Amino acid sequence: MKPFKLSKEKLFLEFRTSKNGLSKKEVKKRLKDFGFNIIQTRKKKNYIKEYLKEYTEFFPILLIIAGILALIADYFQPNEGNDILAYAIFGAVFINANFTFWQKYKADKTMEALLQLMPTYVKVRREGKIFKIDSKELVPGDIMILEEGDKIAADGVLIEVNNFYIDTSAIDGESKPKKREIYPGDAKREIDAKNMVYAGCVVVRGSAEAVVVATSMATEFGKIATLTQNVQKSLTPLEKEIIRMTKILTILALLAGVVFFVLGILSNKGFLIASIFALSLIVANVPEGLLPTITLSLSLAAQRMAKRKALIKNLASVQTLGSVTTICTDKTGTLTKNQMTVKEIYLANGDDIEVTGEGYEIEGEFIFKNRYTDKQLLKDLLIAGWCNSRAIVEKDKAIGDPTEIALVVAAKKYKIDIKNCKKIKENPFSSERKMMSTLVEIDNKKVLYVKGAPEKILERSTHFYNGKNIIKLDTTAKKRFENKLEELESRAFRVLTIAIGKEDKEENLTILGFVAMKDPPREEVKEAVEKCYQAKIKIMMITGDNAITAKAIAKEIGLQFDGVLTGDEIEKVDEEKLQEILKNKVYIFARMASAQKLKIASALQKNGEVVAMTGDGVNDAPALKKADIGVGMGSGTDVAKEASDMILLDDNFRSIVAAIEEGRTVYFNIKKFVTYILSSNVPEIVPYVLSFFLKIPNPLSVIQILSIDLGSDMLPGLALGSEKPEKNIMNRPPVGKKEKILDFEVFKRGYFMLGVIEASAAMFAFITFLLNHGWHYGEVHISDPILYRQAMTMTLLGAVTCQLANVWTLRSWDFNIWEIDLKSNKLLFFAMFAVFVWIWALLNVPVVQKIFNTAHVPIQDLWVLLPFPIILFITNETYKYIKKRKILI
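This one's a predicted model, so the numbers in the text were calculated from it and none came from an experiment.

Cut-offs applied
Residues numbered from 1 in each chain as written. Predicted model: local features only at pLDDT ≥ 70, side-chain atom pairs only at ≥ 80, totals over all residues. Heavy atoms only, no water. Helix = DSSP H or I, 4+ residues; strand = E, 2+ residues; numbered from the N terminus. Buried < 20%, exposed > 50% of the residue type's maximum accessible area, 1.4 Å probe, protein only. Areas by Shrake-Rupley, 256 points an atom, 1.4 Å probe, with all protein chains shown as cover. pLDDT = per-residue confidence, 0-100. Contact = heavy atoms within 4.5 Å. Salt bridge = Lys/Arg side-chain N within 4 Å of Asp/Glu carboxyl O. Polar contact = N/O pair within 3.5 Å; in protein donor to acceptor, adjacent residues only side chain to side chain. Disulfide = S-S within 2.5 Å. Phe/Tyr/Trp six-rings, centres within 6.5 Å; stacked < 30°, edge-to-face > 60°. Axes fitted to C-alpha atoms, helices over the stretch in contact; angles between N-to-C directions. Parallel < 35°, antiparallel > 145°, perpendicular 65-115°, else oblique. Left-handed = near helix turned anticlockwise from the far one by under 90°. Pairing = 2+ DSSP bridges. Core = buried A, V, L, I, M, F, W, Y, C linked by side-chain atoms within 4.5 Å. Patch = residues over 30% accessible without salt bridge, like charges linked within 9 Å, V, L, I, M, F, W, Y side chains within 5 Å. Nonpolar A, V, L, I, M, F, W, Y, C, P; charged D, E, K, R; others polar. Lys, Arg positive; Asp, Glu negative; His and termini not counted. Charge placed at Lys NZ, Arg CZ, Asp CG, Glu CD.

(A) Region of the structure containing the overall build of the chain. When helices and strands are counted, the chain shows 31 helices and 27 strands. Within the chain, the fraction of its 889 residues that count as buried is 56%. As displayed, the chain has an accessible area near 40,200 Å², and 57% of this comes from carbon and sulfur atoms.

(B) Here's a closer look at the confidence of the model for the chain. Confidence in the prediction of the chain, expressed as mean pLDDT, is 84, and 89% of residues score 70 or more. Ignoring residues within four places in sequence, the model shows residues 226-234, a span with pLDDT below 50, making 6 contacts including any to other chains.

(C) Structural context of the pattern of salt bridges. Under the criterion given, the structure shown has 40 salt bridges. A salt bridge links Lys331 to Asp545, with the shortest nitrogen-to-oxygen separation between them at 3.0 Å. Of this pair, Lys331 sits in the loop between strand S9 (326-330) and strand S10 (341-347) while Asp545 is found in the loop between strand S22 (538-542) and helix H17 (547-557), placing the two residues 214 residues apart along the sequence. A salt bridge links Lys343 to Glu358; its shortest N-O distance comes to 3.0 Å. Pair noted here: Lys343 is in strand S10 and Glu358 is in the loop between strand S11 (352-355) and strand S12 (366-368), with a separation of 15 residues, a long-range link.

(D) Focus on H17. Among the residues making up H17, those that are buried are Thr549, Ala550, Ala552, Ile553, Ala554 and Ile557. At its buried positions, H17 is contacted by helix H15 (475-490), strand S20 (494-501), helix H16 (525-534), S22 and strand S24 (587-590). Residue Asn546 occupies the N-cap position of H17, its side-chain oxygen lying 3.0 Å from the main-chain nitrogen of Ile548. Among the residues trailing H17, Gly558 stands out with phi positive, at a value near 85 degrees.

(E) Representation of the state of the cysteines in the model. Within the structure shown, the criterion is met by 1 disulfide. Cys387 shares a disulfide with Cys421; S-S distance 2.4 Å. Of this pair, Cys387 sits in helix H12 (residues 375-387) while Cys421 sits in strand S15 (residues 421-427), and the two are 34 residues apart along the sequence. Relative accessible area serves as the criterion here: at 1%, Cys387 is assigned to the buried category.

(F) Expanded view of the packing of aromatic side chains. One pass over the structure, following the stated rule, counts 13 aromatic pairs. Ring geometry for Phe764 versus Phe868: centroids 5.4 Å apart, planes at 55 degrees, classification tilted. Highlighted residues: Phe764 in helix H26 (residues 744-772) and Phe868 in helix H31 (residues 867-888), separated in sequence by 104 residues. In this structure Phe764 comes out as partly exposed when scored by relative accessible area, which is 39%. The class of Phe868 is buried, set by a relative accessible area of 15%.

(G) How the structure looks around the packing of H26 against helix H27 (residues 785-809). Running from N to C, H26 and H27 point in directions that differ by 155 degrees, and their axes come no closer than 8 Å. One element, H26, and the other, H27, form an angle in the roughly antiparallel class. When the axes of H26 and H27 are compared, the crossing they make is right-handed. Judged by residue contacts, Leu754, Glu758, Ala761, Ala762, Ala765, Phe766, Phe769 and Leu770 of H26 engage Leu787, Gln790, Ala791, Met792, Met794, Thr795, Gly798, Ala799, Cys802, Gln803 and Asn806 from H27.

(H) Representation of the pairing of strand S17 (residues 445-452). Of all 8 residues making up S17, 6 are buried, and the element is well covered by its neighbours. Turn length for the strand S16 (residues 435-442)-S17 hairpin, with the two strands adjacent in sequence and antiparallel, is 2 residues, and the turn residue Asp443 shows positive phi of about 55 degrees. Of the strand pairs in this sheet, S17 and S20 are connected by 5 bridges, and their pairing is antiparallel. Directly across from Val450, in S20, lies its bridge partner Ala499.

(I) Region of the structure containing the nonpolar core. Formed by 61 residues in total, the largest nonpolar core has its most connected members in Ile327, Leu559 and Phe653. With 12 residues, helix H23 (residues 653-693) is the single largest residue contributor to this core. Each residue touching Ile327, except ones within four places of it in the same chain, is listed here: Cys532, Ile537, Lys538, Ile539, Met540, Ala612, Phe653, Ile656 and Ile660. Ala719, Ala765, Leu770 and Tyr879 belong to the second-largest nonpolar core, a separate cluster that totals 53 residues.

(J) Representation of the environment of Leu6 within the structure. With respect to the helices, strands and loops of the structure, Leu6 is situated in the segment before helix H1 (8-14). Those residues in contact with Leu6 that lie beyond four places of it in its chain are Met1, Leu11 and Glu14.

(K) The environment of Leu648, seen in detail. By the element assignment, Leu648 lies in strand S27 (residues 646-648). Judged by relative accessible area, Leu648 falls into the buried class, the value being 0%. Along the primary structure Leu648 and Gly632 are separated by 16 residues, whereas in three dimensions their C-alpha atoms are 6.3 Å apart.

(L) The arrangement of a nonpolar patch on the surface in detail. On the surface, Ile61, Ile65, Ile68, Leu69, Ile72, Tyr75 and Phe76 cluster together into a nonpolar patch covering about 720 Å² of accessible area. Structurally, the position occupied by Leu69 is in helix H4 (residues 58-76).

(M) Up close: helix H25 (residues 714-721). The buried count for H25 comes to 7 of 8 residues, which makes it a mostly enclosed element. Taken together, the buried positions of H25 are Met714, Pro716, Gly717, Leu718, Ala719, Leu720 and Gly721.

(N) Layout of the packing of H27 against helix H28 (residues 826-844). As a packed pair, H27 and H28 sit with axes 12 Å apart at the nearest point and diverge in direction by 170 degrees. When the interaxial angle is binned, H27 and H28 end up roughly antiparallel. In this structure, H27 uses Thr793, Leu796, Leu797, Val800, Leu804, Val807 and Trp808 to contact H28, whose residues at the interface are Leu828, Phe829, Met832, Val835, Phe836, Ile839, Leu842 and Leu843. In terms of residue class, the contact of H27 with H28 is made up of 14 nonpolar, 1 polar and no charged.

(O) Region of the structure containing the side chain of Lys451. One can find Lys451 in strand S17. Those residues within four positions of Lys451 in sequence are excluded, and the remaining contacts are Asn388, Ser389, Glu404, Leu407, Met435, Met436, Ile457, Leu496, Thr497 and Ile498.

(P) Local environment of the pairing of S22. Where burial is concerned, most of S22 is hidden: 4 out of the 5 residues are buried. Bridge count between S9 and S22: 5 bridges; the pairing is parallel. Within the sheet, the bridge partner assigned to Thr326 lies in S22 and is Lys538.

(Q) Molecular detail of a positive patch on the surface. A contiguous patch of positive charge on the surface is contributed by Lys24, Lys28, Lys32 and Lys129. Ranked by the residues each element gives to the positive patch, the list is headed by helix H2 (residues 24-34), at 3 residues. With respect to the secondary-structure elements, Lys32 resides in helix H2. You can call Lys32 exposed: its relative accessible area is 76%.

(R) Inspection of unusual backbone geometry at higher detail. Despite not being glycine, Ser216 has its phi angle at roughly 45 degrees, a positive value. Relative accessible area serves as the criterion here: at 12%, Ser216 is assigned to the buried category. Even without a glycine there, the phi angle at Asn853 is positive, about 60 degrees. By the secondary structure assignment, Asn853 is in the loop between helix H29 (846-852) and helix H30 (859-862).

What follows is the structure, given as structure tokens:
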């Protein structure tokens, strides 16, 4: 059976449905029979392979080799603790692999859960009523209602069409829109039938109704879905920087190891001793906790963004947000509430009417400024607006374009009844024509109702209706309309002209009047705009409204701009000229077609801007892909969402600003964490170097280095990676494309300032403890093993206690500790508690002491540790204070 060959009647019979659609009971039954309408287009990850990959990265391989070397050393020199070192290294690899894998797995599952919040919605007719449902609930026999911009969710046979075109590139790769008709033509298979629509395709123009004949994997798209593969995304600047950073740190570690291995051999220390020594330096320099912390930082940022209504489709996009320099934003729904309300009506005879009420509530009054207002003319205008729309407004729902919903709501407020209005044909709205018309039969007469942009309707109009007579639209009358139009638009109204015509021709129209609507700005937008300007981010508004309305709205929300450019003006200039126009000036764009956004995005990028572009329609997709960050609307078309890097769950401009704030925060959190681990590397390296050149015992063992990296550094480092945005994060300029995390400032703070203090603390604690207990310089071998372990414990505690102070002073890159909220990072308090427990275990728990070669140290010897954390804390706080003062001066 080939459904596309069946007549409408036979199609209904075959699928046991009707023009009114299925019953709810039948839908439930078919859902059980056919299952949910879900197509698996993405190849599922093999999480076993993903887990094993964590052991094949550069760092894990390096550490595994180190562990094997330690086992070899233990074989030749038993009872030296190298076996424990090997097991500790293998344990570190295991912990790192599991932690990193878990964070990635959790991020995947979080994205899946969040994407479920963004279902594909489709309109269907069931039991004679129109419903907006999740596309997964479609079943064979459903009546789909398709309009421009919709993504088709199932295969269907058309039963009604109105100038209907679809993009079938998802099925056959052809990008040219194809016209669909009621009849199949000479097709022999589904893919060639002119009366079929297919899942995965997009409605480019017009409207239609179709009977669903196939869902999920039975669709044409489903049949080829198994052949699809995941698209491999290119590395973001952050990912490239992480690779560069880890390579630099690892190369430094390896170089240090090689140099001291050679020095060990030359100084006759023997191959094994030199190898262990070199191994110790490599382990001390390798930042084992770097990758898991970065993964956690990105994951937490994405989760925070989702809570702030911004869904990041891929973690790698987070950093790009921190670099955004220009936001190109739609007006309707993003800057405004997207709840159009008719506020004023200007009839063609010159009468003014004010309409009260807000939003989509059918409550309000019509206030007639002229007591002799022609109420029949008003009624005619409201009927024309309602009959020439697709919007549906009922008690608990409003479906359709906000402008059309406003017209229907206004008509309902005036108690209009259009039961006798029968639609014959519709010429849908397009951004090129800027108008829509519907041929209807009303009171046994055929009338063409037209609505659209005033300038377009005025061009095609020859008369106006004063309620009694049709009067020629002469120069005087036209001037009157133009003056009124300018006055309404200057008050930030969106104005539609309502007209009537004859037959199906949008020519020689007769004007009925103007309808002035307002979509009020969101209350929070003004503050978000101010925050952008503080962050040195430019905002360019793009709207389909005319220049006067665009300027009025821009001023109302506090946008700063040098001028207004219209879509026609953009069309006339080439990209090079547009690039020059946008070089040093900010514009708002009026009467723009979606396709013109691509030109703007391209010109801005060539000027060196990092562009975030919003969009919700089919035609926005190229611009969304072109932009550095494409921002789709939660209420927009599926095509726009798929082309985007980020989706606004609430369509709110404030959510873009919040996402940029989080993007910047991630960058600086990683910077803080890297500084933190570099500073702890110095007290791990310096003792080894000094023991090589000076006549002193080795102050630190490799297993103790690992206890710093994985025991006392890991949790505080993770806490730094989860810090919330600093209060000045949006007062900084955007993060430059070429800006590096591992820059001189990080090295200066980490190695040469904080690290030196920590190394001094570790060595001071070691030497002072030995001298206080009878040791003399030059005694390389200490006969009392307990004393030696106690001295090494002091070295370890010297580094760890400094790191406890270090994590607090690094909570902010710029601000002093008294300027930040001390209670805002709960993970840090848990980390501090865990480190104190760890220190207690190193000093008192025999099993821990044996593994990490530590010993109990009397409390009177611990006082020597106190000065250095205080010195470190004061040093960095003073450094930040002086640096900030210099910037302010």
